[in-house]
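# Reading the structure
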Amino acid sequence: MAIEWDKVTWYSKTLAIIFFLMTFAMAFYFGAEFEKVRSTIGNLPTPTPAAPVFTTPHEAILLPNQTVKVGALILTFNSVTGDSRCPLDVQCIQAGWVDVSITLNLSGKIETRTLSSADAPVEFGKYKISISAVSPESYSTKEIFAGDYRVTFKITE
């Protein structure tokens, strides 16, 4: 039996349908695998620098779980507990605010508090602590992961 390459048979039709369906099945599989990898990349912890960055003698930029010492006060930025800032690509009625969890330690007296960028400075002993800046900026189309936040704390006596 000689092979006729230009003749359509039920074998060739079946094989064409199988290849057609396999193309979509493979595309779906690789798309799902890509999403798994992409979602884990966004949740990777951000490497933290060895020391906080001081912009002035009384202002320090901290990453989550980073600690700074100013005088006798030790401040630890635990996490962002709320972010209601207006995204830059949206028009809002109010600017919004960021709430953060901090731990304060002054001569062995330790307290964990919530600090808001919209509120007056928190007093702890002779120190006043406030939030002066938060980055990255908020956009409606981009999610900010917990490790991406940088909060500038103002600490005065």
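Residues numbered from 1 in each chain as written. Predicted model: local features only at pLDDT ≥ 70, side-chain atom pairs only at ≥ 80, totals over all residues. Heavy atoms only, no water.

Next up on the list: the pattern of salt bridges. With the rule as written, the count across this model stands at 4 salt bridges. A salt bridge links Lys-109 to Glu-111, with the shortest nitrogen-to-oxygen separation between them at 3.7 Å. When its relative accessible area of 48% is taken as the criterion, Lys-109 is described as partly exposed. By relative accessible area, Glu-111 is classed as partly exposed at 24%. Three or more residues joined by partner-sharing salt bridges are found here, namely Lys-109, Glu-111 and Arg-113. (Salt bridge = Lys/Arg side-chain N within 4 Å of Asp/Glu carboxyl O. Buried < 20%, exposed > 50% of the residue type's maximum accessible area, 1.4 Å probe, protein only.)

Strand pairing in a sheet takes place through backbone hydrogen bonds and is either antiparallel or parallel in direction. The strand order across the open sheet built from 4 strands is E3-E4-E5-E6, with neighbouring strands paired in antiparallel fashion. With one partner strand each, in any of the chains shown, strand E3 (66–70) and strand E6 (109–116) form the two edges of the open sheet. Strand-to-strand twist of the sheet, defined as the mean angle between neighbouring strand axes without regard to direction, takes the value 25 degrees. Here 9 bridges tie strand E4 (residues 73–83) to strand E5 (residues 98–106), and the two strands are oriented antiparallel to one another. For Leu-73, the partnering residue across the bridge sits in E5 and is Leu-106. (Pairing = 2+ DSSP bridges. Helix = DSSP H or I, 4+ residues; strand = E, 2+ residues; numbered from the N terminus. Axes fitted to C-alpha atoms, helices over the stretch in contact; angles between N-to-C directions.)

This paragraph deals with the packing of aromatic side chains. Enumeration over the complete set of coordinates arrives at 4 aromatic pairs. Ring geometry for Tyr-29 and Phe-30: centres 5.4 Å apart, planes at 65 degrees, overall edge-to-face. (Phe/Tyr/Trp six-rings, centres within 6.5 Å; stacked < 30°, edge-to-face > 60°.)

A cluster of nonpolar residues, Ile-18, Met-22, Met-26, Tyr-29 and Phe-30, forms a patch on the protein surface that exposes about 530 Å² of accessible area. Along the chain, Phe-30 turns up in helix H1 (residues 10–42). Of the residues examined, Phe-30 reaches a relative accessible area of 52% and is grouped as exposed. (Patch = residues over 30% accessible without salt bridge, like charges linked within 9 Å, V, L, I, M, F, W, Y side chains within 5 Å. Areas by Shrake-Rupley, 256 points an atom, 1.4 Å probe, with all protein chains shown as cover.)

Now for unusual backbone geometry. Along the chain, Ser-135 connects to Pro-136 via a cis peptide bond; the corresponding omega equals 5 degrees. For Pro-136, the position within the fold is in the loop between strand E8 (127–135) and strand E9 (150–156). Positive phi is not limited to glycine here, since Ser-107 has a value of about 55 degrees. Residue classification places Ser-107 among the exposed positions, given a relative accessible area of 71%.

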